[in-house]
Amino acid sequence: MATSRGVRARVEALRREIRHHDYLYYVLDRPKIPDAKYDRLFRALQQIEAAHPSLVTPDSPTQRVGGAPLASFPGVRHLAPLLSLDSVVDPEDVRRFDARVRQVAGHDLVWELEPKFDGLSLELVYEDGRLVRASTRGDGERGEGVTENVKTIGAVPLRLREDGPRVPRRLAVRGEALIRIKDFEQLNARLAKRGEPTFANPRNAAAGSIRQLDPRVTAGRRLEVFFYDVLAMTGGPRFRRSVEMLDALRAWGLRTSGENRTGTTVEDVLAYHDRLGRRRHTLAFEIDGVVIKLDDLAARDRLRATSRHPRWALAYKFAPRAEQTVIRDIRVQVGRTGLLTPVAVLDPIEIGGVTVSRATLHNREEVARKDLRIGDTVRVVRAGDVIPEVVARIGRRRRRGRAFTMPHRCPSCRTPIVREGPLDRCPNGLACPAQLKGAIAHVGSRAALDIRGLGTETVEALVSTGLVRSVADLFTLKAADLRRLERFADVSSRNLLDAIDGARHPDLGRFLYALGIPGVGAATARDLAAHFGRLDALMDADEAALRVVPGIGPALSASVATFFGRRQNRRIIEQCLARGVTPRAPARATRGRFAGQTVVFTGSLSAMTRDEAEARVLAEGGQVSGSVSRQTDLVVAGADPGSKLARARALGVPVVDERTFLKRLGRREPREASE
Ligand code: IVH
């Protein structure tokens, strides 16, 4: 069908109008027309394009949800590295940073202050004003191409506005993809209703939504973007200051935060942080601090960057989430290794969405240092996945209870306690019921023999009735024994016995880990298994023979040798073997998704524990190592990764995040049709 000039002009006019309303809505936050009217414009454009397909261009507002689902995301090399920020929580560190930068940038400098959005960092590339590519941060050098998904985000212009500064020939900008807290909650409610896995926090929801292979799913997630940096530019205006750069972004239609400010003194910086911190809970988006940036771009160049962080910017994070409550009791727990830990029983409080009723007090010296007593009002923090901790006493009471003292005898077996510096330990080993319970639960844990059904209550019942007096007793349990236990139905006893049977032929590494040798974690246990190959060879090895195992130092070799030197330990192992437990020599898997690859984990994972993740890699034929070297094939970086990430980057080792790792494991991601 011939397309008249009139139709062409009408299409262009509609697109211009729609883009303009997008700009008013997203960037200026001042919509001028009601949604219904916007929808009419949009439908009019869709209808004309349907009748004249030759007029459809990739940057038409109708093309936000384009292509079919992808099989995988293409790798993309960024035009400039996406650096990360050095981060601090202590105002003294901010003062030091301020003083350091002033020495280079001059004493009359300007600070540019921004919220630190807690989302997913993206690079967007515009050529001649048209969005051509979008990618995730990845390892900072290379990310995943997520163009189709990013195009679905309303706040991302497919074309830059032309009525501001000259539009660059090529522009790479950095921004953060986010989801509103309200939309996150609604999304989770929808997912839960359908029985699908939910997201732990808005950041995971935003990241998970961007990394969907089907753009229609992303389109249904209501993502948002804020832009905060120009990564690379050719043929555009020259900026001298960062505020000019941010103004240009806005003029081009790239939304910046309405909370951005400037300051000239370090006091301005601290005040901005405090103000935003206090308003944090009223904001639509999750932020985890503020970002302080030097406004003078020439001075930025003089300061340059370390290998990872620019020296001209700093993330000043908010303190971890804390609430106050009252200590109702202080109890002492005896762990699997006999260590005594004082634990505060609290009036339950919600901290960052989780109800907390117990918090660790670490050890005797910590309780004394903080002078914590029953009845005290205290501040409790919870940072990420770690166990909640009582940080300090608040307020003064005139009449306080007695100071806490560690018991002199083990609360479980009454054996006199041995002091080891700040620590207290029950030396009674597996003859102590608390330690025995810990040991049995440990044997059943996923990274050890993985015995389903051996939960806390069951262990409690097995030990306290005397049915299980050692690890070896697990392997002689009979249905009749279990039936004697209260609340143990036929089905659950059958299941438990089956699970125990299924654990009779573990990998040697798992068996060694299950033994609970002091200092021997899952990784060390595997190293030992790989080196010795057979249980008897390891049991007979002396310290010198142990020390040649890579990664085993003098302290560990002494610990292992001592463990196998004890007659009681040898007897329990022999009983296990006599009762049909046969640890298998480690066979190197040659098949599986990680066959032949050495994987290193850093940071914390949200979908599974580190031990489980490692076990999965091994099951898929891979090796797990604790440190990054040139031999490492892959680094999996969870939340708050440590120095291993930097080392991986320095060595050019590929890095993936948790979602990608799960995908490689073959875990299905939550999938939805358009919502
Ligand atoms: S500037 C070189 N500004 O925080 C400057 N980052 O490591 C690099 N972030 O992954 C970043 N809000 O994704 C900057 N206003 C903001 C930010 C911001 C959030 C993220 C960014 C980065 C992390 C810091």
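Residues numbered from 1 in each chain as written. Predicted model: local features only at pLDDT ≥ 70, side-chain atom pairs only at ≥ 80, totals over all residues. Heavy atoms only, no water.

(A) Here's a closer look at the sheet that holds strand β21 (residues 634-637). Pairing in this open sheet of four strands is parallel, and the strands run β20-β19-β21-β22 from one edge to the other. Edge positions in the sheet fall to β20 (623-625) and β22 (655-657), since each of these pairs with one other strand and no more. Strand-to-strand twist across the sheet, computed as the mean angle between neighbouring axes with direction ignored, equals 30°. Examined bridge by bridge, strand β19 (residues 598-602) and β20 share three bridges and lie parallel to one another. Across the sheet, Thr598 pairs through a bridge with Gln623, a residue of β20. Along the sheet face, helix α22 (residues 610-619) touches β19 and β20 and points at about 170° away from the line of β19. The sheet strands contacting helix α23 (residues 643-651) are β19, β21 and β22, and the helix crosses β19 at an angle near 135°. (Pairing = 2+ DSSP bridges. Helix = DSSP H or I, 4+ residues; strand = E, 2+ residues; numbered from the N terminus. Axes fitted to C-alpha atoms, helices over the stretch in contact; angles between N-to-C directions. Contact = heavy atoms within 4.5 Å.)

(B) Broad picture of the site of the ligand. Surrounding the ligand, one finds 15 residues, the nearest of these being Leu85, Glu114, Phe117, Glu176 and Tyr228. Here an oxygen atom of the ligand sits 3.2 Å away from a polar atom, N or O, in the side chain of Ser121. When the free accessible area of the ligand is taken as 520 Å², the share hidden by the protein chains comes to 91%. Within the residue set of the shell around the ligand, elements represented by two or more residues are β3 (111-117), β7 (170-179) and β10 (287-294). When residues in the shell around the ligand are grouped by element, the largest group, four residues, is from β3. (Near = heavy atom within 4 Å. Polar contact = N/O pair within 3.5 Å; in protein donor to acceptor, adjacent residues only side chain to side chain. Areas by Shrake-Rupley, 256 points an atom, 1.4 Å probe, with all protein chains shown as cover.)

(C) A look at the pairing of strand β5 (residues 130-136). Two elements, strand β4 (residues 120-127) and β5, share six bridges in a ladder whose sense is antiparallel. Among the inter-strand pairings, Glu123 is bridged to a residue of β5, identified as Ser135. Where β4 folds back on β5, the antiparallel hairpin that results is connected by two residues, among which Asp128 adopts a positive phi of roughly 45°.

(D) Broad picture of the sheet that holds strand β9 (residues 261-263). Strand order in the open sheet made by the five strands is β2-β11-β10-β3-β9, with mixed pairing throughout. Every other strand in the sheet has two partners, leaving β2 (87-88) and β9 as the edge strands with one partner each. Where β3 lies against β9, three bridges are found, and the strand directions are antiparallel. Along β9, the bridge assignment pairs Glu112 with Thr262. Relative to the sheet, helix α8 (residues 242-251) contacts β3, β9 and β10, its axis offset from that of β3 by approximately 50°. Sheet strands in contact with helix α9 (residues 266-279) are β3, β9, β10 and β11 (313-317), and its direction is about 25° off that of β3.

(E) Main features of the packing of helix α1 (residues 5-27) against helix α2 (residues 35-51). Running from amino to carboxyl end, α1 crosses α2 at an angle of 145°, the nearest separation of the two axes being 10 Å. As α1 runs across α2, the sense of the crossing is left-handed. Residues Val7, Arg10, Val11, Leu14, Arg15, Glu17, Ile18, His21 and Asp22 of α1 form the contact with α2, whose own contacting residues are Tyr38, Leu41, Phe42, Ala44, Leu45, Ile48 and Glu49. Residues belonging to the contact of α1 with α2 are distributed by class as follows: ten nonpolar, one polar and five charged. (Left-handed = near helix turned anticlockwise from the far one by under 90°. Nonpolar A, V, L, I, M, F, W, Y, C, P; charged D, E, K, R; others polar.)

(F) The pattern of salt bridges, seen in detail. If you walk through the whole model with that rule in mind, you get 45 salt bridges. Asp498 is paired through a salt bridge with Arg494; the nearest N and O atoms lie 3.6 Å apart. With Asp498 and Arg494 both in helix α15 (residues 490-502) and four residues apart, this pair spans about one turn of that helix. On the accessibility criterion, Arg494 (44% relative accessible area) is partly exposed. Taken together, the shared-partner salt bridges in this structure form one network comprising Asp371, Arg373, Asp376, Arg393 and Arg400. (Salt bridge = Lys/Arg side-chain N within 4 Å of Asp/Glu carboxyl O. Buried < 20%, exposed > 50% of the residue type's maximum accessible area, 1.4 Å probe, protein only.)

(G) How the structure looks around the pairing of β7. Burial analysis of β7 places nine of its ten residues in the buried class, which makes it a mostly covered element. Bridge count for β4 against β7 is eight bridges, and the pairing is antiparallel. Within β7, the residue paired with Leu122 across the bridge is Gly175.

(H) Quick peek at α1. Taking 1.5 Å of rise per residue, the 23 residues of α1 would be expected to cover 33 Å, and the 32 Å separating its terminal C-alpha atoms lies within 8% of that figure. Buried within α1 we find Val11, Leu14, Arg15, Ile18, Arg19, His21, Asp22, Tyr23, Leu24 and Val27. Its buried side turned inward, α1 meets α2 and α8. Immediately beyond the C-terminal end of α1, within one or two residues, lies Asp29, with a positive phi of roughly 60°. (Expected span 1.5 Å × (residues − 1).)

(I) Seen up close, the side chain of Arg19. Its place among the elements puts Arg19 in helix α1. Buried within the structure, Arg19 lacks any salt-bridge partner; Asp59 is the closest side chain of opposite charge, at an N-O distance of 4.1 Å. Those residues in contact with Arg19, other than ones at most four positions away along the chain, are Asp59, Ser60, Pro61 and Arg159. (Lys, Arg positive; Asp, Glu negative; His and termini not counted.)

(J) Quick look at the confidence of the model for the chain. Summarising the model, the chain shows a mean pLDDT of 88, and 96% of its residues fall at 70 or more. This model gives residues 669-675 a pLDDT under 50, and the stretch forms 24 contacts once residues within four places in sequence are excluded. (pLDDT = per-residue confidence, 0-100.)

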